[in-house]
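Observations on chain architecture
Single-letter residue listing:
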Amino acid sequence: MITRRNFFMNAGAVALSAAAVSRVGAASLPEAASMAGAGTQAPPPPPNGRPFNPVVTLNGWSLPWRMNNNVKEFHLVAEPVVRELAPGMMANLWGYNGQSPGPTIEVVEGDRVRIFVTNKLPEHTSVHWHGQRLPNGMDGVTGLTQPGIAPGKTFVYEFVARRPGTFMYHPHADEMTQMAMGMMGFWVTHPKDPNFMKVDRDFVFLLSNYDIDPGSYTPKIMTMTDFNLFTFNSRVFPGIDPMVVRQGDRVRVRVGNLTMTNHPIHMHGHEFEVTGTDGGWTRPESRWPEVTTDVAVGQMRAVEFTATDPGDWAFHCHKSHHTMNAMGHDVPTMIGVDHQGVAAKINQLVPGYMVMGERGMADMGEMQMPIPDNTLPMMAGDGPFGAIGMGGMFTTVKVRKDQKPGDYRDPGWYRHPKGTLAYEWTGALPEPARGQGAGKPAAPAAATVEMTVRKPVGHGDH
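A brief structural summary. (Residues numbered from 1 in each chain as written. Predicted model: local features only at pLDDT ≥ 70, side-chain atom pairs only at ≥ 80, totals over all residues. Heavy atoms only, no water.)

Quick look at the overall build of the protein chain
- Helices and strands together make up the secondary structure of the protein chain, namely four helices and 24 strands.
- Put simply, 74% of the contacts in the protein chain that link residues at least 6 apart link residues at least 24 apart.
- If you sum the accessible surface of the protein chain, you get close to 24200 Å²; carbon and sulfur atoms cover 55% of it. (Helix = DSSP H or I, 4+ residues; strand = E, 2+ residues; numbered from the N terminus. Contact = heavy atoms within 4.5 Å. Areas by Shrake-Rupley, 256 points an atom, 1.4 Å probe, with all protein chains shown as cover.)

Some remarks on the pairing of strand β4 (residues 71-86)
- Within β4, 13 of the 16 residues are buried, which leaves it mostly tucked inside the rest of the structure.
- Pairing of strand β3 (residues 66-68) with β4, which is carried by three bridges, proceeds in the antiparallel orientation. Paired with methionine 67 across the two strands is lysine 72, which belongs to β4.
- Once β3 ends, the chain turns through two residues before running back antiparallel as β4, passing asparagine 69 with a positive phi of about 50 degrees.
- Sheet topology note: the β4/strand β5 (residues 89-96) ladder contains eight bridges and is antiparallel. Bridging from a neighbouring strand, proline 80 pairs with tryptophan 94 of β5.
- The hairpin formed by β4 and β5 contains two residues between the paired strands, and glycine 88 there has a positive phi angle of roughly 105 degrees. (Buried < 20%, exposed > 50% of the residue type's maximum accessible area, 1.4 Å probe, protein only. Pairing = 2+ DSSP bridges.)

Describing the sheet that holds strand β21 (residues 311-317)
- The five strands are arranged β14-β24-β21-β16-β19 in an open sheet whose pairing can be described as mixed. Bordering the open sheet on either side are β14 (243-246) and β19 (292-295), each of which pairs with just one other strand. In this sheet, adjacent strand axes meet at a mean angle of 20 degrees when their direction is disregarded.
- The pairing of β21 with strand β24 (residues 394-400) spans six bridges and is antiparallel. (Axes fitted to C-alpha atoms, helices over the stretch in contact; angles between N-to-C directions.)

Observations regarding the environment of phenylalanine 237
- Within the secondary structure, phenylalanine 237 sits in the loop between β13 (229-232) and β14.
- With 151 residues separating them in the primary sequence, phenylalanine 237 and alanine 86 have C-alpha atoms 7.0 Å apart.
- Among all residues touching phenylalanine 237, those that are not within four sequence positions of it are Asn325, Ala380, Gly381, Ile388, Met390, Gly391, Gly392 and Phe394.

Points about the pattern of salt bridges
- What the rule picks out here adds up to 18 salt bridges.
- For glutamate 158, the salt bridge identified is with arginine 114, shortest N-O distance 3.1 Å. A residue pair is termed long-range when its members are at least 10 positions apart, and glutamate 158 in strand β9 (residues 154-160) and arginine 114 in strand β7 (residues 112-119) qualify at 44 residues. For the pair formed by glutamate 158 and arginine 114, the shared burial category is buried.
- Notably, a salt bridge pairs arginine 252 with glutamate 304, separated by 2.9 Å at the nearest N-O pair. (Salt bridge = Lys/Arg side-chain N within 4 Å of Asp/Glu carboxyl O.)

Printed below as a string of structure tokens:
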């Protein structure tokens, strides 16, 4: 017989077999809610427990719970999932409760939390509660603090959410495979006082990257640097929802990075302050205004700003390759190469051959050309003035004066007031002023110099 005493003995993560679950009855496990869609779910108010101001998970949702003798109980299911990265491309990933990343877990400082984790993967797994203070046996490191959760088994983690802040969860079991396949999720511990650090809108999302060849569906798990898809919550632009806010709102955006590189996250039109890190809230006297903050691997950053200026403001990683989709890394630079003669000959052999890259890559954003199955063009998504020419880690913050509090619906494209839109100059252009040396070589031709190179000694193994 399984009793509460031996069930949670030693405060360690405890395995619960399928047979044991049936003996204690289905009511012993909270419902394992699942979500298949990729739209942003507006947060409902907490139905019970301590009050808090819920977060909005970009292109995601928050996991429901039940209260059981003042313990907040959740049920995570680790399983293979199919995630739509953007319309037209699906990926076979691993995640939780129907999605990758998994649902956001929201609790309040001081809550006793019990998480049932059921493994439906083909191999063992675990869950590490990244950044949490908890008993060592609940830390989720396979082989060090617990045995792996075998396929078909359920483990139970229980601890008190001791400090408020922004956290993550992910496996520490076959980590290279499971993280590369998308196993991760967000965790927010709200402060006891709902008015502490209160904001009007609070968005959360995780950064992730994948290497998925065109025509395939499963990420290559051995990739270390040459990823071709960079995502906010496993979505790439134009599949990433905008962050919709009301003019005058105090807005927080929490970003967690579980990729293989850092990401300088940049916002247009407003400056922000970093108000939270992995370790908790930053002191007000330690903050300064920024428009870009670098989020390193394994880090979390919370930034805050007041949405003073209406418009559709870009929000993206500032590494240019990270705002592209299906990036190829073995493409030669063809800028300035005259293809005319070659293209005519190739068209005789390959009708429909198209020249690309001789004027740069901007044309790619407007070409409606066939692409392989289950992939995306490098630049996709149309704005009110044509192709945006971005993909990957890119979205917008849509600030509107008439957006109602609590309304996260997309208001459409911004309508610029008269006199506030850049326009084409149609007048005469002055002749360029040239200096005396204009058009001449910057320096005399270099003379032939004979050089003697001596190979250093002592480094023969390099």
